[in-house]
Amino acid sequence: MSHTTLPRTTETPRTAPPAPDATALHPAPTTAPPPSPGGGPDELAIWPASTLPLPEDDLSIGGVALTELADRFGTPAYVLDEDEVRRRCRTYLRAFPDADVYYAAKAFLCRAMAHWVAEEGLGLDVCSAGELELAVTTGFPPERIVLHGNAKSPADLRAALRLGVGRIVIDSTSEIARLAAAVPADSRQKVLIRVVPGIAAGGHAKIRTGTDDQKFGLSLTDGSAQHAITRVLGQPRLELVGLHCHLGSQITAVKPYLSAVRRLVGLLARVREQHGVTLPELDLGGGHGVAYLPGEPALDVVGLATKVRAELAGSCAAAGLPVPRLAVEPGRAIAGPSGVVLYRVLSVKRTGSHTFVAVDGGMSDNPRPALYGVRYAPRLVGRRSAVPTEPVTVVGRHCEAGDILASDVHLPGDVRPGDLLAVPVAGAYHLSMASGYNLVGRPPVVAVTSGHARLLVRRESLADIQERDIGL
Ligand SMILES: Cc1ncc(COP(=O)(O)O)c(C=O)c1O
Ligand SMILES: N[C@@H](CCCC[NH3+])C(=O)O
């Protein structure tokens, strides 16, 4: 079926928003959003800025109706608003004018995403030969790529050196000699050292990486970071250009970043004292949190940038150091709110105490609720219901009771098979963490912009799944 393309301003009840404020990642709604079954008046604040209501409680994103996307591409399907991705990239570049902004590909990567990010002028943070090759074969400039990984494989390092990545972040002592040995005799590889500053931050214990006693980085507290610095400085084929830290993910406060700046500047000062070397770069990683539910806090990127830059200038002045070039690596804050996932309801089951609304996706395309207990705000789209909402649990189609996509949500009491549900803030760490569980096949990715939709990544078909299996 063909999809309807909609102009960006429509005759629909809500007037189209003006050009979104390029400095705000979470622009305030410009008109009162329509009453909705799912929540309060700012329910659309967590949706892409292009989201508009249509008749029958349909929504359009990037000028394309969600019902039309579901008809044309099937469900489940991931929808990415290209303009939202680009707007978020620009917000970072404006907020951090004299820094390098690397998009963290682990949040979500496909060729189009790499292309948009490259065009906007960001760098790319990759953590495998797979992410690296996909980006470089799409035309991403390798010198704007940084390679991470707590356990980089020989293939990862070979690909990084062959393709000429700009920076490699050393994460363990054993990696130093291994990397140095792989660098050709006539060249030098720029590296940073990932320092664990001993700061607890992040939305869930499983995604906190700034404290000791977890698998990433080299500790400041026990001296492993200092030891690694000495070792790297002794390797002629490695050029130590700076320090890196990544505190964790889904961080909504600025303070931990300011503490990290102070601790890392302290270490930069000690490196100068001890080795007479002034390292020119400081990479603060990513971790910038977003709102998954209306009203939840999100990290204010402009506020973060202002305060971090001021703290860096102040700490460096106090230590008598030149201000190093700053880098940040946002993933979720660029991809997350730019994506929406569409599911079709397959069954509704009422038990004594719960209503389970089962959809055609599940933990294979979004493991986040099962992993971290994250809550989402699904919305019924394309059918106006006058029936009052009731609490339901949206579950997936996989073979375990923990396959929950959204608990404690409110949907109209007559929600039924065939209904379409749309879940916002689905652009990061859904498909990039998708699995092959139950061989259901991974959903497609569709880009929307200016009233047009195009397929970026096709649905994994049953034929794809069978082809991989070479048989008996
Ligand atoms: C080294 C590094 N940089 C950047 C990121 C991106 O994090 P986020 O998507 O939370 O911004 C991660 C993942 O947490 C990471 O491990
Ligand atoms: N996968 C996590 C974040 C980890 C970030 C990767 N370093 C999430 O879904 O929130």
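No experiment lies behind these values; they were computed from the predicted model shown. (Residues numbered from 1 in each chain as written. Chains lettered and ligands numbered in written order. Predicted model: local features only at pLDDT ≥ 70, side-chain atom pairs only at ≥ 80, totals over all residues. Heavy atoms only, no water.)

Engineer: I keep staring at the overall build of the chain and nothing clicks. Help me out?
Structural biologist: Across its full length, the chain holds twelve helices and 21 strands. Relative to its length of 472 residues, the chain is compact, with a C-alpha radius of gyration of 23 Å against a globular reference of 23 Å. Viewed in the frame of its principal axes, the chain has a C-alpha envelope of about 70 × 60 × 45 Å. For the chain, buried positions account for 56% of its 472 residues. Considering only contacts within the chain whose residues lie at least 6 apart along the sequence, 70% involve residues at least 24 apart. With an accessible surface of roughly 18,900 Å², the chain has 54% of that area assigned to carbon and sulfur atoms. Positive and negative charge centroids in the chain, built from 48 and 48 side chains respectively, lie 3 Å apart. (Helix = DSSP H or I, 4+ residues; strand = E, 2+ residues; numbered from the N terminus. Rg over C-alpha atoms; globule rule 2.2 N^0.38 Å. Buried < 20%, exposed > 50% of the residue type's maximum accessible area, 1.4 Å probe, protein only. Contact = heavy atoms within 4.5 Å. Areas by Shrake-Rupley, 256 points an atom, 1.4 Å probe, with all protein chains shown as cover. Lys, Arg positive; Asp, Glu negative; His and termini not counted. Charge placed at Lys NZ, Arg CZ, Asp CG, Glu CD.)

Engineer: What exactly am I supposed to notice about the nonpolar core here?
Structural biologist: Considering soluble globular proteins, one finds that nonpolar side chains tend to be buried as a cluster. Within the largest apolar cluster, 138 residues are counted, with the highest numbers of intra-cluster contacts made by Leu69, Phe96, Tyr103, Met113, Ile193, Leu243 and Val394. At ten residues, helix α8 (residues 255–275) tops the list of elements feeding residues into this core. In this structure, Tyr102, Val169, Leu192 and Val241 belong to the second largest nonpolar core, which totals six residues. (Core = buried A, V, L, I, M, F, W, Y, C linked by side-chain atoms within 4.5 Å.)

Engineer: Even after reading the chapter, I still don't get the site of ligand 1, so can you show me in this structure?
Structural biologist: With respect to spatial proximity, 16 residues lie near ligand 1, and among them His246, Ser249, Gly287, Glu329 and Tyr429 are the closest. Contact distances for ligand 1 include 3.1 Å between a nitrogen atom and a side-chain N or O atom of aspartate 125. The contact in question runs from an oxygen atom of ligand 1 to an N or O atom on the side chain of serine 249, over 2.4 Å. If you map ligand 1 onto the pockets, it falls in the largest pocket. Residues that form the shell around ligand 1 fall into these classes: three nonpolar, eight polar and five charged. (Near = heavy atom within 4 Å. Polar contact = N/O pair within 3.5 Å; in protein donor to acceptor, adjacent residues only side chain to side chain. 1 Å grid on protein atoms, 1.4 Å probe; cavity = no way out; pocket = protein on both sides within 12 Å on 5 of 7 lines; lining within 4 Å. Sits in = over half its atoms within 2 Å of the grid points. Nonpolar A, V, L, I, M, F, W, Y, C, P; charged D, E, K, R; others polar.)

Engineer: What's the story with the pattern of salt bridges in this structure? I'm lost.
Structural biologist: Between side chains of opposite charge, a pair can form when the charged atoms approach closely. Scanning the model with the defined rule gives 23 salt bridges in all. Between aspartate 71 and arginine 344 there is a salt bridge, and its shortest N-O distance comes to 3.9 Å. On the criterion of sequence distance, the pair formed by aspartate 71 in helix α1 (residues 66–73) and arginine 344 in strand β14 (residues 339–350) is long-range, its members being 273 residues apart. In this structure aspartate 71 comes out as partly exposed when scored by relative accessible area, which is 37%. In this structure arginine 344 comes out as partly exposed when scored by relative accessible area, which is 24%. Put simply, glutamate 84 and arginine 87 hold a salt bridge, and the shortest N to O gap is 2.7 Å. Taken as a pair, glutamate 84 and arginine 87 lie in helix α2 (residues 82–95) at a separation of three residues, close to a single helical turn. Pair check on accessibility: glutamate 84 and arginine 87 agree, each one buried. (Salt bridge = Lys/Arg side-chain N within 4 Å of Asp/Glu carboxyl O.)

Engineer: Where do I start with the sheet that holds strand β2 (residues 59–61) in this structure?
Structural biologist: Neighbouring strands of a sheet are bound in pairs by backbone hydrogen bonds; such pairs are parallel or else antiparallel. Ordered in space as β1-β2-β3, the three strands form an open sheet in which the pairing is antiparallel. Sheet topology places β1 (52–53) and β3 (64–65) at the edges, where each strand pairs with a single neighbour. Pairing geometry for β2 and β3, over two bridges, is antiparallel. Within β3, the position partnered with isoleucine 61 by the bridge is valine 64. (Pairing = 2+ DSSP bridges.)

Engineer: What am I meant to see in the UniProt feature "domain: Orn/DAP/Arg decarboxylase 2 N-terminal" (unreviewed entry) in the chain here?
Structural biologist: Residues given the UniProt feature "domain: Orn/DAP/Arg decarboxylase 2 N-terminal" (unreviewed entry) here are residues 83–335. Within the segment residues 83–335, helix and strand shares are 42% and 16% respectively, and the terminal C-alpha atoms sit 11 Å apart. (UniProt positions renumbered as here; feature names shortened; annotations may be inferred.)

Engineer: How do you make sense of the UniProt feature "modified residue: N6-(pyridoxal phosphate)lysine" (unreviewed entry) in the chain when you look at a structure like this?
Structural biologist: Residues given the UniProt feature "modified residue: N6-(pyridoxal phosphate)lysine" (unreviewed entry) here are Lys106. Checked against the element boundaries, lysine 106 lands in the loop between β5 (99–104) and α3 (111–120). Beyond its immediate sequence surroundings of up to four residues, lysine 106 is in contact with Asp125, Cys127, Glu131, Tyr429 and Ser432.

Engineer: Just to check I follow, could you spell out the environment of isoleucine 404 for this structure?
Structural biologist: For isoleucine 404, the position within the fold is in strand β18 (residues 404–412). Once you skip the residues sitting within four places of it in the chain, isoleucine 404 turns out to touch Pro369, Thr393, Val394 and Val395.

Engineer: Is there a simple way to think about helix α7 (residues 224–233) in this case?
Structural biologist: Residues separated by three or four positions in an α-helix point in the same direction, a consequence of the helix having 3.6 residues per turn. Within the sequence span of α7, burial applies to Ser224, Ala225, Ala228, Ile229 and Val232. In an axial view of α7, the angular spread of the buried residues amounts to 140°, which keeps them on one side of the axis. Lining the buried residues of α7 we find β8 (167–170), α6 (173–182), β9 (189–196), β10 (218–219), β11 (238–244) and α8. (Arc of directions from axis to C-beta.)

Engineer: It is not clear to me how the confidence of the model for the chain should be interpreted in this structure. Could you clarify?
Structural biologist: Taken as a whole, the chain shows an average pLDDT of 92; of its residues, 91% reach a score of 70 or greater. Segment residues 1–39: pLDDT under 50, and 81 contacts once partners within four positions in sequence are set aside and those in other chains are kept. What the predictor reports for the complex is a pTM of 0.92 with an ipTM of 0.99. (pLDDT = per-residue confidence, 0-100.)

Engineer: Sorry, what's going on with the site of ligand 2 here?
Structural biologist: All residues adjacent to ligand 2 are Lys106, Ile207, Ser249, Arg332, Arg368, Tyr372, Tyr429 and Met433. Considering ligand 2 on its own, with 310 Å² of exposed area, one finds that the protein chains cover 81% of that surface. Judged by the fraction of its atoms near the pocket grid, ligand 2 is located in the largest pocket. Per-class residue counts for the shell around ligand 2 are four nonpolar, one polar and three charged.

Engineer: Even after reading the chapter, I still don't get the environment of threonine 75, so can you show me in this structure?
Structural biologist: Position of threonine 75 relative to the elements: it lies in the loop between α1 and β4 (77–81). A relative accessible area of 18% places threonine 75 in the buried class. Once you skip the residues sitting within four places of it in the chain, threonine 75 turns out to touch Ala70, Leu342, Tyr343, Arg344, Asp360, Leu420 and Arg459.

Engineer: Is there a simple way to explain the layout of surface pockets in this structure?
Structural biologist: Using a probe with the size of a water molecule, rolled over the atoms, empty space left in the structure can be pinpointed. Taken as a whole, the largest pocket holds about 690 Å³ of empty space. Along the wall of the largest pocket there are 33 residues; nearest its centre are Lys106, Cys127, Phe216, His246 and Tyr429. Contributing elements (two or more residues each) for the lining of the largest pocket: α10 (332–335) and α11 (368–372). Classifying every residue of the lining of the largest pocket gives nine nonpolar, 13 polar and eleven charged. One number sums up the size of the second largest pocket: a volume of about 280 Å³. What lines the second largest pocket is a set of 13 residues, and nearest its centre among them are Phe108, Leu431, Arg442, Pro443 and Val457. When the residues that make up the lining of the second largest pocket are grouped by side-chain class, the tally is seven nonpolar, one polar and five charged. (Points joined across faces, edges and corners; volume = space filled by probe spheres on them.)

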